[in-house]
Amino acid sequence: TAKNSPLQTPDGAPGRGARAPFRMREAPMSMIVTVVRRALTACWVVLLVGLVVLAAGTHIAPLVGRDTYIIRGGSMRPFLPLGSLVIDERSGPADIRPGDVVTVRLHDKVIVTHRVVRITDRPSGVQLELKGDANTAPDPALVPASNVAGRVVAVVPVAGFILATLSTPAGMISTLSMLASLFLAIRLLENLEGERRRERRPNGPVDGAGEPA
């Protein structure tokens, strides 16, 4: 009598050495495609919503008495990392206290955001001594309190980099290209998922015995 095949049991069922059906082999790949597609979709949504909120926020802030500034130096690290976006509350000289972080406009139109370490009253008016947290010494000159543009009330790390990028034509084109590329990748993965679902469908109706009717 012929010996049983190592891939088949006597009753005709697949044995230990039998290969998994095509559908079982394809399942892990389909799961990977789905996970990647969902991850890319989440990234795309987060990026799009973040950009819209950031752009809208910078336009709305002045309407509610706030101003935004990009930190372009490292003199206030670690409190204000390079590339952060600071949100200032418009404040008068009487509202400033030692320890506040303020944004001031200097006589040469330079804008500086430093911490107030001392307030002194002089015949010419209230003067502020400022210092960057990362600097070893205070700023060389006192600043009139009237030069204060605002007091920092919030910090958004990295947002300044993003705004600076979007403010240039090349940066805007690069950002839109990235969003478009992610969208196309998501659509391609969706099409691939659809093809694999169609491949796994039976070719016709199946009767109770498991054979095509």
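What comes next is a walk through the structure. As the structure is a computational prediction, the values presented were derived from the model and not from experiment.

## With respect to the side chain of Glu-193
Mapped onto the secondary structure, Glu-193 falls in helix α3 (residues 169-200). For Glu-193, the side chain forms a polar contact with the side chain of Arg-37, separated by 2.8 Å. Once residues lying within four places of it in the same chain are set aside, the contact partners of Glu-193 are Val-33, Thr-34 and Arg-37.

## Focus on the sheet that holds strand β4 (residues 111-122)
Read from one edge of the open sheet, seven strands run β1-β2-β7-β3-β4-β5-β6, paired in antiparallel fashion. Either end of the sheet is taken by a strand with one partner, and the two such strands are β1 (66-70) and β6 (143-144). Taken together, the seven bridges between β4 and strand β5 (residues 125-131) define a ladder with antiparallel strand orientation. In the strand pairing of β5, Thr-120 is matched with Gln-127.

## Overview of the packing of aromatic side chains
With the rule as written, the count across this model stands at one aromatic pair. With 5.7 Å between their ring centres and 40 degrees between their planes, Trp-44 and Phe-183 make a pair best called tilted. Pair noted here: Trp-44 is in helix α1 (residues 22-60) and Phe-183 is in helix α3, with a separation of 139 residues, a long-range link. Across from the ring centre of Phe-79, 5.1 Å away, lies the NZ or CZ of Arg-115, which sits over that ring.

Definitions and cut-offs
Residue positions are given per chain, counting from 1 as you read along its sequence in written order. Note on the predicted model: pLDDT of at least 70 is required for a residue's local features to be given, and 80 or more for side-chain atom pairs to be given and counted; whole-chain, interface and lining totals, by contrast, use all residues. Working from all heavy atoms in the structure, the side-chain values ignore hydrogens and water. Helix and strand definitions here come from DSSP, where helices need a minimum of 4 consecutive H or I residues and strands a minimum of 2 consecutive E residues; each element is numbered from the N-terminal end. Contacts described as polar in this section are N or O atom pairs within 3.5 Å, which, within protein, must combine one atom able to donate a hydrogen with one able to accept it, while residues neighboring in sequence count only if both atoms come from side chains. Here, residues are in contact when the closest pair of their heavy atoms is within 4.5 Å. At least two DSSP bridges between two strands are required for those strands to pair. Classification of ring pairs uses Phe, Tyr and Trp, with its six-membered ring standing for Trp, and accepts pairs whose centres are within 6.5 Å; under 30 degrees between planes counts as stacked, over 60 as edge-to-face, and the remaining range as tilted. The criterion is that NZ of a Lys, or CZ of an Arg, lies within 6 Å of the ring centre and within 35 degrees of the ring normal, and then a charge sits over that ring.

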